[in-house]
Amino acid sequence: MNWFTKAITSTIGRKIVVAFTGLFLCLFLVVHLLGNLQLLANDGGKSFNLYAKFMTTSPIIQTISIGNFVFILLHIIQSTILTIKNRQARPVGYAIVENRSTWASRNMGFLGSFILLFLVGHLANFWWKMKFGEMPIIGIDGMQVKDLYFVVSEAFKDPLIVGLYVFSMVFIGLHLSHGFQSAFQTFGLHHVKYTPLIQFIGWVFCIVVPLGYAIIPVVMYLRAL
Amino acid sequence: MNLTLKVWRQKNANSKGEFKTYHVKDISPDMSFLEMFDVLNEELLLKGEDPIAFDHDCREGICGMCSMYINGHPHGPGQTTTCQLHMRSFKDGDTIVVEPWRAKAFPVVKDLVVDRSAFDRIIQAGGYISVNTGNAPDANEIPIPKEVADAAFNAATCIGCGACVAACKNASAMLFVAAKVAQFAMLPQGQVERKKRVEQMVAQMDAEGFGACTNTGACAAECPKEISLANIAILNREYLAAKATSEYV
């Protein structure tokens, strides 16, 4: 192994990969949320459908989206390897454990696995259909555009799907409550001046972003009633 | 005080251990936890039974030998060493469960004694500095800011007891390694081996089979010397910087 592979397969190296990809995914969450909030624009889906068309056809976005999938994969692979190694590091457990750490910080693997399940379902529901499936077509300003807005609003008429989306956002919020600040610690950023700020942003981020996502299906469901 | 103890008994490294229940009577609340074990062991000896093996040395809270996992915490409730844990921390009639440190890298030798030489090998890998032999240098010959000296000293108070490993859900040794790396990285005397040190100590830490840090903070919450999580951030950036810039391939 050369120095680089040695570095990224050491425990700290793997952690740095997980932290870096995790923070990139945080950025993705923000961009994705800002785009999706157009679902609430109340214009019959015009702005959202145009945005969806741009996102699926722009070459730059296509490149970034490949990078995004690679980062998701790296995040999963490295954290899975770490989790397996961490389990192996204590073959015999304790009879009694009293924890002095947060529940979320101890259960990132569980939370992450649930988020992965959600992601698979979420992609199958919308992304796959948009990319490869049969879609209804709508005319906007003389252009023929796939009507993703219709597909989304149909899906969010089902209270079960709405409930599942809101529930999943709680998991993402918990995952972020530890992950966001933890990533900076892994990069070695710990400072009397900046750590309180990072922690504050972390708390705001893990509440505001999942809340923003959760509002969309709820509002769309209520509007369709 | 009368207490019920459930203690892990294991004949040797290869045998399968089990919990055994003991009852101790008339324990003074001013006794240390280890003194309570001395009383129990004397009773066991009088009965002709094998006394419980446990590590201890200075009994002043500075050597880091005592290593019992008591009621779900390394060194018991409170942030202290087991020798400085007093029976007044418990209530009359309590049941106390005592286990050895649990980690692949700390195999059980007997009963509550674990082999912590993995820590020694990590220190051997890089936890040292090069100095000239000869006369002792004058004190304060090298100017070091008070804040830096204090931070380095705080890291240096790590006694290598292994409570961080015992407390961590991943049996990670990061807080220990971080304390040692940070202590030297902050001081001028530590600069000579700075990059090599962190690379080699982390490589040894991995080779010993310790888990990875997931920043739960359980280690710092249990550390009897209150080593801060900030040291782990220092370790991470030292490692990243060393890997990126050192000449060792």
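These figures come from a predicted structure and were not determined experimentally. (Residues numbered from 1 in each chain as written. Chains lettered and ligands numbered in written order. Predicted model: local features only at pLDDT ≥ 70, side-chain atom pairs only at ≥ 80, totals over all residues.)

## Observations concerning the overall build of chain B
Logical step 1: Of regular secondary structure, chain B possesses 8 helices and 7 strands.
Logical step 2: Reported as C-alpha extents along the three principal axes, the dimensions of chain B are approximately 60 × 40 × 35 Å.
Logical step 3: A buried classification covers 47% of the 249 residues belonging to chain B.
Logical step 4: Here the analysis covers contacts within chain B between residues at least 6 apart in sequence; of these, 71% occur between residues at least 24 apart. (Helix = DSSP H or I, 4+ residues; strand = E, 2+ residues; numbered from the N terminus. Buried ≥ 20, exposed ≤ 12 C-beta atoms within 10 Å, placed from the backbone. Contact = placed C-beta atoms within 7 Å.)

## Describing the overall build of chain A
Logical step 1: If you tally the helices and strands in chain A, you get 9 helices and 2 strands.
Logical step 2: Ordered by position from the N terminus, the helices and strands of chain A form the series α-α-α-α-α-α-β-β-α-α-α.
Logical step 3: Each principal axis of the C-alpha distribution contributes one length, and for chain A these read about 60 × 40 × 40 Å.
Logical step 4: Evaluated residue by residue, chain A yields a buried proportion of 29% over its 225 residues.
Logical step 5: Long-range pairs, those at least 24 residues apart, make up 76% of the contacts in chain A with a sequence separation of at least 6.

## Thoughts on the nonpolar core
Nonpolar side chains in soluble globular proteins tend to be buried together.
Residue and element names in this part refer to chain B.
Logical step 1: In terms of nonpolar packing, the biggest core is built from 107 residues, with Cys164, Val165, Leu175, Val177, Ala178, Val181 and Leu235 touching the most fellow members.
Logical step 2: Here the element with the most residues in this core is helix H5 (residues 174-186); it accounts for 11 residues.
Logical step 3: Three or more residues apiece are contributed to this core by two domains, here domain 1 (3-110) and domain 2 (117-245).
Logical step 4: Once residues lying within four places of it in the same chain are set aside, the contact partners of valine 177 are Ile122, Met201, Val202, Met205 and Leu235. (Core = buried A, V, L, I, M, F, W, Y, C linked by C-beta atoms within 7 Å. Domains from an automatic or database assignment.)

## Digging into the interface of chain A and chain B
Logical step 1: Residue-level contacts link 35 residues of chain A with 38 residues of chain B.
Logical step 2: Contributions of two or more residues to the side of chain A that touches chain B are made by helix H1 (3-9), helix H2 (11-36), helix H4 (59-88), helix H5 (103-106) and helix H8 (159-186) of chain A.
Logical step 3: The leading source of residues in the side of chain A that touches chain B is H2 of chain A, at 5 residues.
Logical step 4: For the side of chain A that touches chain B, the class distribution of residues is 15 nonpolar, 13 polar and 7 charged. (Nonpolar A, V, L, I, M, F, W, Y, C, P; charged D, E, K, R; others polar.)

## Let's talk about the domain arrangement of chain B
How big an interface is tends to be expressed through the accessible area that disappears when the partners come together.
Residue and element names in this part refer to chain B.
Logical step 1: Parsing chain B into structural domains produces domain 1 (3-110) and domain 2 (117-245).
Logical step 2: For domain 1 versus domain 2, the distance between C-alpha centres works out to 29 Å.
Logical step 3: Contact with domain 1, which involves 18 residues of that partner, is made by 17 residues of domain 2.
Logical step 4: Across the side of domain 1 that touches domain 2, the residue classes break down as 8 nonpolar, 8 polar and 2 charged.

## Observations concerning helix H2 (residues 117-126) of chain B
All names here are of chain B.
Logical step 1: Listing the buried residues of H2 in full gives Ala118, Phe119, Ile122, Ala125 and Gly126. Down the axis of H2, the buried side of the element spans an arc of 115 degrees, and every buried residue falls inside it.
Logical step 2: Taken together, the buried residues of H2 touch H5 and helix H6 (194-207). (Arc of directions from axis to C-beta.)

## Some points on the packing of H5 of chain B against H6 of chain B
When two helices pack together, their arrangement is given by the angle between their axes and by how far apart the axes lie.
Residue and element names in this part refer to chain B.
Logical step 1: Look at H5 against H6: their axes get within 10 Å of each other, and the N-to-C directions meet at 175 degrees. It follows that H5 is roughly antiparallel to H6 by the angle criterion. Only Arg194, Arg197, Val198, Met201, Val202 and Met205 of H6 make contact with H5, whose side of the interface consists of Val177, Lys180, Val181, Phe184 and Ala185.
Logical step 2: Split into classes, the residues belonging to the contact of H5 with H6 amount to 8 nonpolar, no polar and 3 charged. (Axes fitted to C-alpha atoms, helices over the stretch in contact; angles between N-to-C directions. Parallel < 35°, antiparallel > 145°, perpendicular 65-115°, else oblique.)

## What about the packing of helix H3 (residues 146-156) of chain B against H5 of chain B?
Residue and element names in this part refer to chain B.
Logical step 1: Interhelical geometry of H3 versus H5 gives an angle of 155 degrees and a closest axis separation of 8 Å. On the basis of their axis angle, the class for H3 and H5 is roughly antiparallel. Regarding H3 and H5, the two cross each other, and that crossing is left-handed. Residue-level inspection shows Val148, Ala151, Ala152, Ala155 and Ala156 of H3 in contact with H5, the latter providing Ala179, Ala182, Gln183 and Met186.
Logical step 2: Class assignment of the residues belonging to the contact of H3 with H5 gives a composition of 8 nonpolar, 1 polar and no charged. (Left-handed = near helix turned anticlockwise from the far one by under 90°.)

## A look at the pairing of strand S5 (residues 95-100) of chain B
In regular strands, side chains alternate between the two faces of the sheet.
Residues and elements named next belong to chain B.
Logical step 1: Pairing analysis gives 4 bridges linking strand S1 (residues 3-9) to S5, with the strands arranged parallel. The residue of S5 that forms the bridge with valine 7 is valine 98.
Logical step 2: Pairing between strand S3 (residues 68-70) and S5: 3 bridges, direction antiparallel. When the sheet's bridge partners are listed, isoleucine 70 is paired in S5 with valine 98. (Pairing = 2+ DSSP bridges.)

## Examining the sheet that holds S5 of chain B
Logical step 1: Taken in spatial order, the 5 strands make up an open sheet running S2-S1-S5-S3-S4 (chain B), and their pairing is mixed. In this open sheet, the two edge strands, each paired with only one partner strand, are strand S2 (18-24) and strand S4 (73-74) of chain B.

## Focus: the pairing of strand S2 (residues 143-146) of chain A
Residue and element names in this part refer to chain A.
Logical step 1: Where strand S1 (residues 137-140) and S2 come together, 4 bridges link them in antiparallel fashion. Pairing of isoleucine 138 across the sheet is with valine 145, part of S2.
Logical step 2: What sits between the antiparallel neighbours S1 and S2 is a turn of 2 residues, in which aspartate 141 has the positive phi angle 50 degrees.

## Points about unusual backbone geometry
Logical step 1: Of note in this structure, histidine 75 of chain B is not a glycine but carries a positive phi near 65 degrees.
Logical step 2: Note on placement: histidine 75 of chain B falls in the loop between S4 and S5.

## Description of the environment of valine 162 of chain A
Residue and element names in this part refer to chain A.
Logical step 1: Along the chain, valine 162 turns up in helix H8.
Logical step 2: Exposure remark for valine 162: the 20 C-beta atoms within 10 Å place this residue in the buried category.
Logical step 3: For the pair valine 162 and phenylalanine 132, spaced 30 residues apart in sequence, the C-alpha to C-alpha distance is 24 Å.
Logical step 4: Apart from residues lying up to four places away in sequence, valine 162 is in contact with Phe156, Pro217, Val218 and Tyr221.

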